[in-house]
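The chain contents come next:
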Amino acid sequence: MSQFDYEKNAAESQRQVNDGAYDTTAVVGDGNLKYTVEEGGNTSLPTYQEASGAPVEVKSPLGYTVGWVTILFLNLSKIIGTGIFSTPSTILRGTGSVGLALFFWVIGFLIAASSLSVYLEFASYFPSRSGAEVAYLEQAYPRPKYFFPTVFAVQTVILSFSSSNAIVLAQYLFKLAGHTPSPWEQKGVAVAGYTVAVLFLLFNTRWSLRLSNAIGIIKLLTLIFIGITGLVVLGGHTKVKDPTANFRNAFEGSSDATAYGATNAIYKVIFAYAGYDNAFNLVNEVKNPIKTLKWSAPLSLITATILYMLANIAYFSAASKEEILKSKAVAASVFFENVFGTSGAAKALNFLIMMSAFGNLLAVLVGQSRVIRECGSRQGVLPFTKFWTSTRPFGTPLGPYFLKWALTILMIIAPPAGDAFNFVIDLAIYPTSFFQFTLALGLLVYRWRRKRVGLPTAEFRAWNVAVYFCIAANLYAVIMPWYPPAGGATGGDVSFWYATYCVVGIGIIIFCGIYYYIWITLLPKWGKYEIRQTVLVLDDSGATTHQLVKVPNAELAAWDAEHDVVGRAVQRRGYAEDDSK
């Protein structure tokens with residue numbers, strides 16, 4: 001395409017944006033890439049996307065019930081899980097000092113904020129696409145066709161369990177009851193708790209979001225209470241003696257920190273901030289999403305950061321550094337016991353942490369159900385397309401909910417306590433860091449490609465320094481876990497080789513690549529067919545999806561003549577759905 005053609009495309013695209021009129025049959029070509037434009041019912045802004053991507057749902061089958069309050073609490077409920085109550089002692093151990101531990105929480109905020117800016121820019125390009133990174137990776141890397149949707153879908157299915165917070169929920173329920181459970185009692189209650197969480201969300205989208213918001217308010221008030229109490233402790237108005245002791249020579253011990261300890265600490269901080277992107281999974285359910293997200297999403301992250309800093313200050317004001325490191329209880333328990341005693345206050349804390357874990361289960365279920373629906377079904381890369389995509393009969397994503405429930409129950413029951421369980425939970429971190437790095441790098445690629453084709457500018461653009469920082473931070477998270485701990489190969493958090501989860505994480509990604517190669521290249525070659533996509537509108541709810549079909553080589557020319565680049569039939573004839581996936 002000549003420079004004149006690119007400038008002509010840009011001028012025409014910008015005119016359509018200004019006039020609010022889009023030709024949904026128009027195609028902008030760039031080599032083997034074909035860009036189309038569609039407008040969803042949630043915004044007047046167009047979605048320009050490469051034609052191999054999942055189709056825009058002009059009418060969201062899940063409705064438009066997500067407002068700024070829901071965005072705020074969807075993010076807060078996922079960010080504020082159990083991490084802020086349990087990880088401060090691990091972070092302190094990894095950093096060696098109170099001052100450096102607090103500084104790591106600031107670094108965690110900067111990493112989360114830079115990643116959030118990447119998500120915001122991608123959302124401004126695709127304001128009518130839910131699913132967050134699955135949609136963004138699909139568009140940042142459209143070739144090889146279906147590669148990233150397939151890899152991300154398979155690893156998402158493999159790792160889409162929430163067993164850790166279900167176990168934490170069970171533990172604190174037993175603490176409230178004053179009973180020490182057997183392993184199978186704990187697993188049974190965890191299964192029951194997670195099943196209840198799924199049932200709460202199963203029957204109505206609007207009320208499930210309201211329940212998530214209500215529990216989010218409880219979690220928010222809990223951290224506000226801890227933060228204010230910490231300030232009272234610092235003021236010397238409680239029985240805690242010398243509450244400022246940890247803040248004198250706050251960086252004493254920093255020199256004892258090792259590379260492995262610092263990496264472990266930054267991983268725990270990143271884990272504690274995870275959830276700032278949750279609302280992006282529901283973008284197509286938000287009216288005027290970019291206008292709403294570009295202030296409400298940062299507000300949720302900033303709110304969590306302020307409360308995290310206040311909570312850490314509260315912990316360090318009420319307990320000595322040695323007390324926090326040596327205690328077998330979570331940091332919040334040490335704080336409550338030192339300030340309020342051990343009886344009623346401890347029970348109150350157990351209840352609040354239990355509610356925090358339950359709220360996290362709800363928020364993750366809501367967000368990840370949209371991710372699974374997007375990558376597993378609407379992109380057409382998993383079998384049983386209609387099962388994953390349909391929202392009947394309750395207007396909720398039953399297929400993704402069922403998958404989440406089944407895998408979580410399996411991961412609650414199957415692993416034994418100790419190393420195996422901890423290993424399975426940590427396993428999810430490494431592929432996530434890899435995809436976050438790939439996503440931030442993909443934003444730079446996608447910017448260049450849009451400029452080259454002449455598509456209009458985005459409503460939001462991330463600062464370049466934020467994008468580069470995001471790339472560097474996630475590259476660090478991919479590389480540094482390989483650095484050995486001071487104790488040698490078995491000196492990590494588990495009794496076996498410290499980097500086993502990294503190898504298994506890479507193995508999962510490689511397995512996804514092999515799956516893709518067999519499905520897209522080998523099987524079609526052996527079967528003398530090629531994969532093509534078609535668009536299905538499942539019912540009057542507006543649910544729209546891709547279905548990948550096998551077209552015999554002898555019929556390819558006829559198929560391509562009868563379908564546009566998106567896969568919509570110009571003339572209709574029957575082809576077999578690809579069930580070999």
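Remember, it's a predicted structure, so these values are computed and weren't measured experimentally.

Q: So, the environment of Pro289: which residues are in play, and what are the values?
A: Inspection of the secondary structure assignment puts Pro289 in helix α12 (residues 289-318). Sequence spacing of Pro289 and Pro127 is 162 residues, and the spatial spacing of their C-alpha atoms is 6.4 Å. Residues within four places of Pro289 in sequence aside, it is in contact with Asn42, Thr43, Pro127 and Val283.

Q: Explain a nonpolar patch on the surface to me, using residue names and the numbers behind them.
A: On the surface, Trp482, Trp497, Val503, Ile506, Ile510, Ile514, Tyr517 and Ile518 cluster together to form a nonpolar patch covering roughly 690 Å² of accessible area. You can call Tyr517 partly exposed: its relative accessible area is 42%.

Q: Lay out the side chain of Thr292 with the relevant residues and their values.
A: Looking at the secondary structure, you find Thr292 in helix α12. By relative accessible area, which is 14% here, Thr292 ends up buried. Those residues within four positions of Thr292 in sequence are excluded, and the remaining contacts are Trp68, Ile71, Val286 and Lys287.

Q: Break down the nonpolar core for me, with residues and values.
A: Of all hydrophobic cores here, the largest spans 134 residues; its most connected members are Phe122, Tyr136 and Phe280. Examining the composition of this core, we find that 15 residues originate from one element, helix α5 (residues 98-125), more than from any other. Once residues within four sequence positions are removed from consideration, Phe280 is found in contact with Leu116, Tyr119, Leu120, Ala123, Ser130, Gly131, Ala132, Tyr136, Leu293 and Ala297. The next biggest cluster of nonpolar side chains, apart from the first, holds 7 residues, and it includes Val28, Tyr35, Val37 and Val453.

Q: Describe the pairing of strand β5 (residues 544-552), and please don't skip the residues or the numbers.
A: Regular strands place side chains that alternate from one sheet face to the opposite one. Most of β5 is tucked away, with 7 of its 9 residues classed as buried. Judged from the 9 bridges that link them, strand β4 (residues 529-537) and β5 form a sheet pairing that is antiparallel. Counterpart to Leu536 in the pairing with β5 is Thr545.

Q: Give a description of the packing of helix α4 (residues 88-95) against helix α11 (residues 259-273) that names residues and reports values.
A: Here α4 crosses α11 at 155°, and the two axes come no closer than 7 Å. One element, α4, and the other, α11, form an angle in the roughly antiparallel class. Handedness of the α4/α11 crossing: left-handed. The segment α4 lies against α11, with Thr90, Ile91, Gly94 and Thr95 engaging Gly261, Ala262, Asn264, Ala265, Lys268 and Val269. Tallied by class, the residues present in the contact of α4 with α11 amount to 4 nonpolar, 5 polar and 1 charged.

Parameters at a glance
Residues numbered from 1 in each chain as written. Predicted model: local features only at pLDDT ≥ 70, side-chain atom pairs only at ≥ 80, totals over all residues. Heavy atoms only, no water. Helix = DSSP H or I, 4+ residues; strand = E, 2+ residues; numbered from the N terminus. Contact = heavy atoms within 4.5 Å. Patch = residues over 30% accessible without salt bridge, like charges linked within 9 Å, V, L, I, M, F, W, Y side chains within 5 Å. Areas by Shrake-Rupley, 256 points an atom, 1.4 Å probe, with all protein chains shown as cover. Salt bridge = Lys/Arg side-chain N within 4 Å of Asp/Glu carboxyl O. Buried < 20%, exposed > 50% of the residue type's maximum accessible area, 1.4 Å probe, protein only. Core = buried A, V, L, I, M, F, W, Y, C linked by side-chain atoms within 4.5 Å. Pairing = 2+ DSSP bridges. Axes fitted to C-alpha atoms, helices over the stretch in contact; angles between N-to-C directions. Parallel < 35°, antiparallel > 145°, perpendicular 65-115°, else oblique. Left-handed = near helix turned anticlockwise from the far one by under 90°. Nonpolar A, V, L, I, M, F, W, Y, C, P; charged D, E, K, R; others polar.

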